There are 2 protein chains.
Amino acid sequence: MNKKVSCRECNNEDCLIKRHCTPDYLAKIGLKRVQIEHQAKDSIFREGGYVGGIYFIQHGKVKIIAHGGDDREQIVRMATDGQIFGHRGLGDDLYTVSAFALSDTVVCFIDNDTMYDAYMHNPKLTYQMLEFYSLELQKAEVRMKYLAQMNVREKVAEALLLIRDVFGTHPADGTLNVCLSRQEIADMTGAMVEQVSRELGEFQKENLIAKTGRSGIVITNVNGMLELIKKYGTEQYATQPN
Amino acid sequence: MNKKVSCRECNNEDCLIKRHCTPDYLAKIGLKRVQIEHQAKDSIFREGGYVGGIYFIQHGKVKIIAHGGDDREQIVRMATDGQIFGHRGLGDDLYTVSAFALSDTVVCFIDNDTMYDAYMHNPKLTYQMLEFYSLELQKAEVRMKYLAQMNVREKVAEALLLIRDVFGTHPADGTLNVCLSRQEIADMTGAMVEQVSRELGEFQKENLIAKTGRSGIVITNVNGMLELIKKYGTEQYATQPN
DNA sequence: CCCCAAAGATGACATAAATCATAGCATGCT
DNA sequence: AGCATGCTATGATTTATGTCATCTTTGGGG
């Protein structure tokens, strides 16, 4: 398990900083950034807190949630190695979402001033960040359609495919590479936990999924799952996990 | 009504190009960009088409829609003067959404190569674009929560407040500055048009809104509308229209 | 000015999903 | 091992919303 390392040693080849900064800025950022370890279920930042910079995931899994009414939560995004979260413009902006570790996670935090300096002198970095946000916006737009139009059965199917797409599957037995509770799947879909339980039971009866142990899930028939939601357009979800 | 003008003549002070490009790049872009007029209800681009560049709204109103199942549509965003739409990364990406004019509209189209050149030499422009997408992503995340968790009554209230926030109100009588059909409000919320009709009728009985003519709506009690959805967090929507 | 097409409103009914209640099952702890 | 706790499963019931049918209103064009 790789823990704290310097940028030079870091073997995360997806990191936009590492890929698009000049060597001198890579060194500069390496000195300023803060590496933070979080255990599964830890809060990384919380809604209402001050946005002082931006997080890059060196290694681990993160969920981004918005707080809804009646103590409900909405999982709006999930992220893993090399991905970015928690950036919100300069100024005194406050977080509108919270972030939690889903597994033991190491994040790099870089403050706004350091990033701004890097942006002004590494146009390719800024451009790639722009691309990253543009693509995330695109995904969010498609997801809005899903959440507004699908019924619960379809939303649960979509949630499982999204989990598979973001975190992939275990090579040995095909289990999804993250353990989310029924409540967390409910928080992805906006449905009630009992309904999620029922739908998962249905999927199992139909041999679309297999459940192993406490909420470990294998999607045994990916094409069957895709079939359930294809009328909404499924460009997003590859047949093979990434 | 201002139609086609040069960048120098353009009085759109919100344009990020105009605000953040050096004079030589402003001239360069002015030569390459294409100004296009669209009438209300015209398609500007369509899902599946090739993304050749990016659109800036010089003057007008636009809706961005995703095609759902059973011929349903989902309005994922609306935009007006000075705002950006239709950008998707370099390469052979295809649009995942369509854009339509909601009123007579003049857009500036700038091709990818020209924008990339400008990005590489105008770091502040690139940074402001990054900020723009980051803020849009933030809005989309909050909207995801709304669409997943609200009931239809709340979603219709939220849609009206969003329309007011994006397009503002007519100073004379307070009418929302855009005429959306019941079907379009349904497309914002993911609900059925009959249900939207019913909820608007309820709002009228409760003196929260007044309906004038064919779908011209006045929100007569903004605080009352905000009250309906406050448990989900309403930071987004100012009491005064922008 | 009147007619027509399209949009909007409304009632009756069917269905999906939330809610409530309770039981079963793992996991961790002593 | 055995208990306690929190997650999961499932049935019964209520509520919300989608669906279908019908009627009304609106605004534009002959």
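The structure we're discussing is the one just above.
Reading the values: rules and limits
Residues numbered from 1 in each chain as written. Chains lettered and ligands numbered in written order. Predicted model: local features only at pLDDT ≥ 70, side-chain atom pairs only at ≥ 80, totals over all residues. Heavy atoms only, no water. Near = heavy atom within 4 Å. Polar contact = N/O pair within 3.5 Å; in protein donor to acceptor, adjacent residues only side chain to side chain. Helix = DSSP H or I, 4+ residues; strand = E, 2+ residues; numbered from the N terminus. Contact = heavy atoms within 4.5 Å. Buried area = accessible area lost by both parts, 1.4 Å probe. Salt bridge = Lys/Arg side-chain N within 4 Å of Asp/Glu carboxyl O. Phe/Tyr/Trp six-rings, centres within 6.5 Å; stacked < 30°, edge-to-face > 60°. Buried < 20%, exposed > 50% of the residue type's maximum accessible area, 1.4 Å probe, protein only. Lys NZ or Arg CZ within 6 Å of the ring centre and 35° of its normal. Least-squares fit on C-alpha atoms with pLDDT ≥ 70 in both. Axes fitted to C-alpha atoms, helices over the stretch in contact; angles between N-to-C directions. Parallel < 35°, antiparallel > 145°, perpendicular 65-115°, else oblique. Nonpolar A, V, L, I, M, F, W, Y, C, P; charged D, E, K, R; others polar.

Asker: If you had to explain the protein's contact with DNA strand D to someone new, which residues and values would you point to?
Answerer: In the neighbourhood of DNA strand D, 16 residues make up the surrounding shell, with Arg182, Ser197 and Lys211 of chain A together with Asn151 and Arg198 of chain B lying closest. Protein-adjacent atoms of DNA strand D, using a 4 Å cutoff, are sugar or phosphate at a proportion of 62%. Between a phosphate oxygen of DNA strand D and a side-chain N or O atom of Ser197 of chain A, the distance comes to 2.6 Å. Of all the secondary-structure elements, those providing two or more residues to the surface near DNA strand D are α7 (193–205) of chain A together with α7 (193–205) of chain B.

Asker: With reference to specific residues and values, describe the interface of chain B and chain A.
Answerer: At the interface, 45 residues of chain B touch 44 residues of chain A. For the pair chain B and chain A, the two sides together bury roughly 4500 Å², of which 62% comes from carbon and sulfur. At the boundary of chain B and chain A, one finds four salt bridges. In this structure, Glu141 of chain B engages Arg77 of chain A in a salt bridge whose closest nitrogen and oxygen atoms are separated by 3.9 Å. For the side of chain B that touches chain A, the secondary structure elements donating two or more residues are β4 (61–67), β5 (73–80), α3 (112–121) and α4 (123–149) of chain B. The greatest single-element share of the side of chain B that touches chain A, amounting to 21 residues, is contributed by α4 of chain B.

Asker: Describe the packing of aromatic side chains, naming the residues involved and giving the relevant values.
Answerer: Counted by the stated rule, this structure contains 16 aromatic pairs over all chains. An angle of 40° between the planes, with centres 5.5 Å apart, marks the rings of Tyr119 of chain A and Tyr127 of chain B as tilted. Here Tyr119 of chain A, found in helix α3 (residues 112–121), pairs with Tyr127 of chain B, found in helix α4, and the two come from separate chains. With relative accessibility at 4%, the residue Tyr127 of chain B sits in the buried group. Geometrically, the ring pair formed by Tyr127 of chain A and Tyr116 of chain B is edge-to-face, given 4.8 Å between the ring centres and 85° between the ring planes. One end of the pair, Tyr127 of chain A, is in helix α4 (residues 123–149); the other, Tyr116 of chain B, is in helix α3, on a second chain. In this structure Tyr116 of chain B comes out as partly exposed when scored by relative accessible area, which is 27%. Joined through ring pairs, the aromatic side chains of Phe45, Tyr55, Phe85, Tyr95 and Phe109 of chain A make up one cluster. In this structure, Lys63 of chain A packs its charged tip against the face of Phe100 of chain A, placed 5.9 Å from the ring centre.

Asker: Could you give an account of the relation of the copies chain B and chain A, with specific residues and numbers?
Answerer: Its rotation angle being 180°, the transformation that places chain B on chain A also includes 0.0 Å of axial translation and leaves an RMSD of 0.0 Å. As the rotation angle and translation indicate, the two copies are arranged about a two-fold axis. Taken as a fraction of all interface residues of chain B, those also at the interface in chain A reach 98%, which identifies the copy contact as same-surface.

Asker: Quick rundown of helix α6 (residues 182–189) of chain B? Include the residues and the values.
Answerer: All names here are of chain B. Burial analysis of α6 places six of its eight residues in the buried class, which makes it a mostly covered element. Along α6, the positions that sit buried rather than exposed are Glu184, Ile185, Ala186, Asp187, Met188 and Thr189. One or two steps after α6, the chain reaches Gly190, where phi turns positive at roughly 80°.

Asker: Would you mind going over the packing of helix α5 (residues 152–167) of chain B against α6 of chain B in detail, with residue names and values included?
Answerer: Residues and elements named next belong to chain B. Contact pair α5 / α6: the axes reach a minimum separation of 9 Å and the direction vectors enclose 105°. Considered as vectors, α5 and α6 are oriented roughly perpendicular to each other. Along the contact surface, α5 presents Lys155, Val156, Ala159, Leu160, Leu162 and Ile163, while α6 presents Ile185, Met188 and Thr189. Here the contact of α5 with α6 is built from residues that sort into seven nonpolar, one polar and one charged.

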